[in-house]
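An overview of the molecular structure
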Amino acid sequence: MNTFAHIKHIGSYDKVSYYSVVLENEEHSLFENFIAQHNNANKEKLYHIVKWLEVIGNKYGAQTYLFRPEGKNADASALPPVENRSPSYIENGKKKANSLRLYCLRANNNVVFLFNGDIKTTQKAQDCPNVSKHFNMANQISKAIDQAFIEKDILWNETLTDIVFHSDLMIQF
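A few points on the structure.

To continue, consider the overall build of the chain. Counting its regular elements, the chain contains 3 helices and 11 strands. Starting at the N terminus, the α and β elements of the chain follow one another as β-β-α-α-β-β-β-β-β-β-α-β-β-β. Radius of gyration (C-alpha) of the chain: 15 Å, near the 16 Å computed for a compact globule of 173 residues. Taken over the C-alpha atoms alone, the chain extends approximately 50 × 35 × 30 Å along its principal axes. Across the 173 residues in the chain, those meeting the buried criterion constitute 46%. Pairs at least 24 apart in sequence give 56% of the contacts found in the chain among residues at least 6 apart. By element, 48% of the accessible surface of the chain is carried by carbon and sulfur atoms, the whole surface being about 9300 Å². Within the chain, one finds 19 positive and 19 negative side-chain charges whose respective centroids are separated by 12 Å.

Written as structure tokens, this is what we have:
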């Protein structure tokens, strides 16, 4: 089954522009759905990830080491960064590791595509009943975005700090 999506700009910081995709016949992007889903149920965990998006966007840029690898041949990665690079978040006054995952594509140090995610309950994303569908979709979309770069449907701006694409571009995955 082929699914189509268009790219949506989410926001820009000093060093990173964030994008997501909106599936055809949907109103909101995958990232906006992620925010809406976890805003109440996992508020502290979500805040931790959103804070990392700000820190990466303003301070570090999208450096590879800040993204969590979630599979050997996976195109997508996840946030928050692994624990030794990411401070724990606070829940009920206690420091905890964040089990909420946001899957994304780090296109370069300045552009990141944000998808969706959930609470990870197993060692491997592909084995987790909560995140496997988000992980698999993120990898499919990442491959389609990579192909759009190859086919020059998505271009880098002159300084490689952002992307350029037609507003009616539909990617297929």
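After that view, the rundown keeps rolling.
Now for helix α3 (residues 132-150). If you check α3, its first and last C-alpha atoms are 27 Å apart, about what 19 residues at 1.5 Å a residue would give, namely 27 Å. A positive backbone phi angle near 65° is found at K152, which sits one or two residues after α3.

If you look at the biggest cluster of nonpolar residues, it comprises 28 residues, and the most contacted ones within it are V21, F113, F115, I141, I145, I154 and I171. Mapped by element, the contributors of at least two residues to this core are β1 (4-12), β2 (17-23), β7 (102-106), β8 (111-114) and α3. Ranked by residue count, the leading element in this core is α3, at 7 residues. When near neighbours in sequence (up to four residues on either side) are disregarded, V21 contacts A5, H6, I7, S29, L30, L114, F115, I141, I145 and I171.

Attention now moves to the state of the cysteines. Within this structure, the stated rule accounts for 0 disulfides. The thiol of C128 is not disulfide-bonded; the next cysteine sulfur, from C104, is found 17 Å away.

Our focus in this paragraph is the pattern of salt bridges. With the rule as written, the count across this model stands at 4 salt bridges. Here E54 and K51 are joined by a salt bridge, their closest N and O atoms 3.2 Å apart. Pair noted here: E54 and K51 are both in helix α2 (residues 43-60), with a separation of 3 residues, about one helical turn.

Cut-offs applied
- Residues numbered from 1 in each chain as written.
- Predicted model: local features only at pLDDT ≥ 70, side-chain atom pairs only at ≥ 80, totals over all residues.
- Heavy atoms only, no water.
- Helix = DSSP H or I, 4+ residues; strand = E, 2+ residues; numbered from the N terminus.
- Rg over C-alpha atoms; globule rule 2.2 N^0.38 Å.
- Buried < 20%, exposed > 50% of the residue type's maximum accessible area, 1.4 Å probe, protein only.
- Contact = heavy atoms within 4.5 Å.
- Areas by Shrake-Rupley, 256 points an atom, 1.4 Å probe, with all protein chains shown as cover.
- Lys, Arg positive; Asp, Glu negative; His and termini not counted.
- Charge placed at Lys NZ, Arg CZ, Asp CG, Glu CD.
- Expected span 1.5 Å × (residues − 1).
- Core = buried A, V, L, I, M, F, W, Y, C linked by side-chain atoms within 4.5 Å.
- Disulfide = S-S within 2.5 Å.
- Salt bridge = Lys/Arg side-chain N within 4 Å of Asp/Glu carboxyl O.

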